Amino acid sequence: MKQFFALVAFALIAGCGFKPVYATGAGATYGGAITVEPIDGRSGYILRRALQEELAIGLPNVTEAASLQITVKENLTRLAFQQDGAAARSNVTLSGRYALSQGQEQRLTGYAVGEVSFAVPSSTYGDIAAQKSASERAAGILAKNIVDDLRRKLSVE
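These remarks concern the structure in this document. Residue numbers run consecutively from 1 along every chain, following the written order of its sequence. Since the coordinates come from a predicted model, pLDDT governs what is reported: local features require at least 70, and pairs of side-chain atoms require 80 or more to be given and counted, while whole-chain, interface and lining totals use all residues. Hydrogens and water are ignored here; the side-chain numbers use all heavy atoms of the structure.

## A few points about helix H2 (residues 41-54)
Think of it this way: any DSSP run of H or I at least four residues long counts as a helix, any run of E at least two long counts as a strand, and we number them from the N terminus. Expected span of a helix: the number of residues minus one, times 1.5 Å. Its 14 residues give H2 an end-to-end C-alpha distance of 20 Å, which sits within 8% of 20 Å, the value for a rise of 1.5 Å per residue. Residues of H2 that are buried include every one of Ser43, Gly44, Ile46, Leu47, Ala50, Leu51 and Gln52, and no others. Relative accessibility decides the category of a residue: with a 1.4 Å probe and only protein chains considered, values under 20% of the type maximum give buried, values over 50% give exposed, and everything between is partly exposed.

Put into structure tokens, the structure is as follows:
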């Protein structure tokens, strides 16, 4: 009897279109009505994935299909140096210009920045790994800043 009820429960859940909130893999969908266009480069790929996750719940006052285009610029700045001239502290800054379009009409444009500071390890490969990690964190911050800016602008409309 328990198996029958479990089978009926699974059939009802499948029939209503239930999708897990944190689904991963091939069945995962992002953004609903909002499509994030591909962004060039490694940082662009990471930024796009972060934006898809941030936009999964949608945006206020966006009910029709929309497209988000972003251009990203990454900058590495050395802030402090050791006595031998090696970098001791660095900043990774990701800046992005975005445009939200619906159909052929451009609805919103804006600019946002994500910045992360990190201590530079003494080894060469450690520096590369630290730069990559900082770039990933900056992409996450930039994605949050872009979506926050969009929500702020769209909630006023």
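The discussion continues.
## Let's talk about the packing of H2 against helix H3 (residues 124-156)
Lines fitted to the C-alpha atoms define the axes, with helices restricted to the stretch that makes contact. Angles between their N-to-C directions range from 0 to 180 degrees. Contact geometry for H2 and H3: axes closest at 8 Å, N-to-C directions at 45°. In terms of axis orientation, H2 runs oblique to H3. For the pair H2 and H3, the crossing hand works out as right-handed. Contacts from Arg42, Ser43, Ile46, Leu47, Ala50, Leu51 and Glu54 of H2 reach H3 at Lys132, Ser135, Glu136, Ala139, Gly140, Leu142, Ala143, Lys144, Ile146, Val147 and Arg151. Of the residues that constitute the contact of H2 with H3, the class distribution is nine nonpolar, three polar and six charged. With respect to orientation, any angle under 35 degrees is reported as roughly parallel, any angle over 145 as roughly antiparallel, any angle of 65 to 115 as roughly perpendicular, and every other angle as oblique. Put simply, a crossing is left-handed when the front helix is turned counterclockwise from the back one by less than a right angle, and right-handed when it is turned clockwise. The contact criterion used throughout is that any non-hydrogen atoms of two residues lie within 4.5 Å. In this classification, the charged set is Asp, Glu, Lys and Arg, the nonpolar set is Ala, Val, Leu, Ile, Met, Phe, Trp, Tyr, Cys and Pro, and all remaining amino acids, among them Gly, are polar.

## Remarks on the side chain of Ser95
Among the structural elements, Ser95 can be located in strand S3 (residues 87-102). Its relative accessible area of 13% is what places Ser95 among the buried residues. Beyond its immediate sequence surroundings of up to four residues, Ser95 is in contact with Thr71, Val72, Lys73, Tyr111, Ala112, Val113 and Leu142.

## Quick word on the pattern of salt bridges
Salt bridge criterion: a side-chain nitrogen from Lys or Arg within 4 Å of a carboxyl oxygen from Asp or Glu. Within this structure, the stated rule accounts for five salt bridges. The residue Arg42 makes a salt bridge to Glu136 at a minimum N-O spacing of 2.7 Å. With Arg42 in helix H2 and Glu136 in helix H3, this pair connects stretches of sequence that are 94 residues apart. Classification of Glu136 as partly exposed rests on a relative accessible area of 37%. Where Lys153 meets Asp149, a salt bridge forms, and the shortest distance between an N and an O atom there is 3.5 Å. Of this pair, Lys153 and Asp149 are both found in helix H3, four residues apart, which corresponds to roughly one turn of the helix. Through salt bridges with shared partners, one network takes in Asp149, Arg152 and Lys153.

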